[in-house]
Amino acid sequence: MPTIAVKGSDIRWQCADDDTIMRSALRAGLGFPYECNVGSCGNCRFDLLEGEIEELRANAPGLSDRDRERGRRLGCQARPLADCTVKLRFMPQYESHVSPVRQSGVLVAVRDITHDIREFRFRLDRPQPFLAGQYALLDLPGVEGSRAYSMANTDADEWHFQIRRVPNGAATGKLFGALSVGDRIKIDGPYGMAYFREDAERDIICLAGGSGLSPMISVTRAAAASPLFAGRTVDFVYGGRSAQDICGEDMLAELPRFGTHIRYHPAISAGGDDGWAGHRGFVHEVAERLFSERLRDCEIYFAGPPLMGQAIQKMLVDLGVPSAQVHFDQFY
Ligand code: FES
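The protein chain has the name Toluene monooxygenase electron transfer component in an unreviewed UniProt entry, where Ensifer adhaerens is given as its organism.

Okay, here's the thing in structure tokens:
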């Protein structure tokens, strides 16, 4: 099993032959910076000074040609082939509250939420707690590489994933088209920094679209169950193109104080749907209209397609919302 050493320090840890440098560091309790876990964001870059690695995802977009020339690699995609010496700066905020574990889970139930979003429920071999809003890596048979999906529930023994089918997507094609109840897959987690901050004494705003439904439902469920939540509110905006994409209200309606302290705001961005009684516009536009400067006083969680996330980030920066109050993980 290769040993990874950090130059100029006495930090070293062991990485299983089939693990990656970043994930093994998190399992060892180290604060290796990361976000997406799938090679897209570049947050896990490190300098490889000695040793040899294999890259799981060739030409991952998180690494530029210039990075490569300078000996940089992606921790989430680097599988060590020998002992390695690396250079990077650990950060305590990335230390896992719950160390990620690799295990497997059995698909025990599925249910349709909309025409293209389905919930997949996996019973884990060993119960594994996580923080609401976190995600896991799923390895699907016949699909190269892992995919990151967020949990919608808050339980340790079953992890529920609400996933939107991507047209021609290999992973969602497998999930929707080939996986059956009783099938077993590999699951690795939990990961992610966009988890529910239980002790933050602010109202909460959740903004979601597509598969972003899942972590926002989890955050809202955790907030509703928290004794520290008394007196605070959750405003939940869910956006889709048309009325057939809209969902989530039934899950929130099961929570205590729905309608008073937990409020649901559906929004559609396309024209048509003449009978539509909800909001119109993109999620960031609706959020700005509804909450305006109040956003600066809230704890904000968001998840969804990349363009939605970018528009929300820009809106929040323009309004001067402190970044410490904004929580999201972008993986795509
Ligand atoms: Fe590795 Fe995003 S590229 S965490």
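## Let's talk about the sheet that holds strand E11 (residues 147-150)
Reading across from one edge, E11-E10-E13-E8-E9-E12 is the order of the six strands in this open sheet, with antiparallel pairing throughout. Among the strands making up the open sheet, the edge pair consists of E11 and strand E12 (158-164). Ignoring strand direction, the axes of neighbouring strands in this sheet form an average angle of 40°. Pairing between strand E8 (residues 101-112) and strand E9 (residues 117-124): seven bridges, direction antiparallel. Opposite Gly 105, over in E9, you have Leu 124 as the bridge partner. Across the sheet, helix H4 (residues 213-225) touches E11 and E12, and the angle it forms with E12 is around 135°.

## What to know about helix H7 (residues 306-318)
What sets the pattern is the α-helix's 3.6 residues per turn: residues three or four places apart point alike. Taking 1.5 Å per residue, 13 residues should reach 18 Å; H7 reaches 18 Å between its end C-alpha atoms and fits that length. The complete set of buried residues in H7 reads Met 308, Gly 309, Ile 312, Met 315 and Leu 316. Looking straight down H7, one finds its buried side chains confined to an arc of 130°; they lie on one side. Of the exposed residues in H7, those oriented more than 90 degrees away from the buried face are Leu 307, Lys 314, Val 317 and Asp 318. Looking at the buried side of H7, the elements it contacts are strand E14 (204-209), helix H6 (283-291), strand E18 (299-303) and strand E19 (326-327).

## Digging into the nonpolar core
With 33 residues, the main nonpolar core has Trp 13, Ile 21, Phe 32, Tyr 34, Phe 46, Val 86 and Phe 90 as its most contacted residues. Going through the elements one at a time, strand E1 (3-6), helix H1 (21-27), strand E3 (45-50), strand E7 (84-87) and strand E10 (135-139) are the ones with two or more residues in this core. Residues from two domains meet in this core; each of domain 1 (3-94) and domain 2 (101-191) gives at least three. Dropping the residues within four chain positions of it, Phe 32 is found in contact with Ile 21, Met 22, Ala 25, Leu 26, Cys 44, Phe 46, Gly 75, Leu 88, Phe 90 and Tyr 94. Counting 29 residues, the second largest nonpolar core, distinct from the first, contains Cys 206, Leu 213, Ala 223 and Phe 236.

## Overview of the packing of H6 against H7
Each pair of packed helices can be described by the angle between their axes along with the distance between the axes. Orientation of H6 relative to H7, taken along the N-to-C sense of each, is 30°, at an axis distance of 8 Å. When the axis of H6 is compared with that of H7, the two are roughly parallel. Contacts from Val 283, His 284, Ala 287 and Glu 288 in H6 reach Met 308, Ala 311, Ile 312 and Met 315 in H7. Its residues assigned to classes, the contact of H6 with H7 comprises six nonpolar, one polar and one charged.

## Describing the sheet that holds strand E16 (residues 262-268)
To summarise the sheet geometry, strands pair through backbone hydrogen bonds and adopt either a parallel or an antiparallel arrangement. Pairing within the open sheet is parallel, and its six strands lie in the order E17-E16-E15-E14-E18-E19. Of all the strands in the sheet, just strand E17 (279-280) and E19 have a single pairing partner and so form its edges. Across the sheet, H4 is in contact with E14, strand E15 (234-240), E16 and E18; its angle to E14 comes to roughly 155°.

Calculation rules
- Residues numbered from 1 in each chain as written.
- Predicted model: local features only at pLDDT ≥ 70, side-chain atom pairs only at ≥ 80, totals over all residues.
- Heavy atoms only, no water.
- Pairing = 2+ DSSP bridges.
- Helix = DSSP H or I, 4+ residues; strand = E, 2+ residues; numbered from the N terminus.
- Axes fitted to C-alpha atoms, helices over the stretch in contact; angles between N-to-C directions.
- Contact = heavy atoms within 4.5 Å.
- Expected span 1.5 Å × (residues − 1).
- Buried < 20%, exposed > 50% of the residue type's maximum accessible area, 1.4 Å probe, protein only.
- Arc of directions from axis to C-beta.
- Core = buried A, V, L, I, M, F, W, Y, C linked by side-chain atoms within 4.5 Å.
- Domains from an automatic or database assignment.
- Parallel < 35°, antiparallel > 145°, perpendicular 65-115°, else oblique.
- Nonpolar A, V, L, I, M, F, W, Y, C, P; charged D, E, K, R; others polar.

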